[in-house]
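Close look at the chain arrangement
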Amino acid sequence: MSGKRWIVTSVINNNVVSARNERNQERILIGKGIGFPKIPYELTDLNKIWRTYYGINPSYLGLLNEISEDVFALSIKITDQAKMRIMNEINSNIVFTLADHINFAIDRYKKNMDIKMPFVYDIQYLYENEMYIGEFAVKLINKEMNVHLSKDEAVSIALHFINAENMQRNETDEVNEKQIIND
């Protein structure tokens, strides 16, 4: 984490704030009770900060008040697992979009709404790592939230990670594509 101190500029909820460091870099900070002091205030105890996020789309911040902390904790665990398994860079907004998806999936489960994914085999074949994360996520969500999401939900979660990957293209890929097209 860059910076030795943070100036908290706005409170999102009791445990989530927006802050700037001495280089004027804005981050979303998550930590138990860091939203309680009157703002603006200087947060110097870095041990209170559990997570930091940057480059978050401001429209996602409202989700922090709409979705339970348990669902966000699951989203963070799943994203941490994905970062160890997926080699491409993953967009930092994934924690928020995934939490929103998990919340909606749980709501659908409670309303007995089951959505079938028509391209399960395609995703399993083309995106093995992302599918692994999706399956891991469904098992974790079912266990932690006491629900029984279907295996098709793993595909939906895999798609979230596929969309969140910042695919790195290099010149060799482009040359190979041009050669295939020419052939």
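Small disclaimer: the values here were computed from a predicted structure and weren't measured.

Quick word on the overall build of the protein chain
Each helix and strand in the protein chain was counted, giving 7 helices and 7 strands. Order of helices (α) and strands (β) in the protein chain, N terminus to C terminus: β-β-β-β-β-α-α-β-α-α-α-α-β-α. Carbon together with sulfur atoms contributes 49% to the accessible area of the protein chain, which is approximately 11,300 Å² in total.

Brief notes about the packing of helix H5 (residues 128–145) against helix H6 (residues 152–164)
Contact pair H5 / H6: the axes reach a minimum separation of 7 Å and the direction vectors enclose 125 degrees. Taken as axis vectors, H5 and H6 run oblique relative to one another. Read as a crossing pair, H5 and H6 show a hand that is right-handed. Every residue of H6 that contacts H5 at Glu130, Met131, Ile133, Gly134, Glu135, Ala137, Val138 and Ile141 is listed here: Glu153, Ala154, Val155, Ile157, Ala158, Phe161 and Ile162. Classifying every residue of the contact of H5 with H6 gives 11 nonpolar, 1 polar and 3 charged.

Some thoughts on the nonpolar core
Phe72, Ile78, Ile141 and Phe161 are the most contacted members of the largest nonpolar core, which has 44 residues in total. Broken down by element, the residue count for this core peaks at 8 residues, all from helix H3 (residues 94–110). Discounting residues that sit within four places of it in the chain, isoleucine 141 has contacts with Leu74, Ile78, Ile102, Ile106, Asn146, Val147, Leu149 and Ile157. The next biggest cluster of nonpolar side chains, apart from the first, holds 9 residues, and it includes Trp6, Val8, Val17 and Ile34.

Some points on the pattern of salt bridges
The full count for this structure, using the stated rule, is 5 salt bridges. Its salt-bridge partner being arginine 51, residue aspartate 80 comes within 2.4 Å of it at the nearest N-O pair. You can see aspartate 80 sitting in helix H2 (residues 69–85) and its partner arginine 51 sitting in strand S5 (residues 51–53), a full 29 residues away along the chain. Aspartate 80 gets classed as partly exposed once you look at its relative accessible area, which sits at 25%.

Parameters and conventions
- Residues numbered from 1 in each chain as written.
- Predicted model: local features only at pLDDT ≥ 70, side-chain atom pairs only at ≥ 80, totals over all residues.
- Heavy atoms only, no water.
- Helix = DSSP H or I, 4+ residues; strand = E, 2+ residues; numbered from the N terminus.
- Areas by Shrake-Rupley, 256 points an atom, 1.4 Å probe, with all protein chains shown as cover.
- Axes fitted to C-alpha atoms, helices over the stretch in contact; angles between N-to-C directions.
- Parallel < 35°, antiparallel > 145°, perpendicular 65-115°, else oblique.
- Left-handed = near helix turned anticlockwise from the far one by under 90°.
- Contact = heavy atoms within 4.5 Å.
- Nonpolar A, V, L, I, M, F, W, Y, C, P; charged D, E, K, R; others polar.
- Core = buried A, V, L, I, M, F, W, Y, C linked by side-chain atoms within 4.5 Å.
- Buried < 20%, exposed > 50% of the residue type's maximum accessible area, 1.4 Å probe, protein only.
- Salt bridge = Lys/Arg side-chain N within 4 Å of Asp/Glu carboxyl O.

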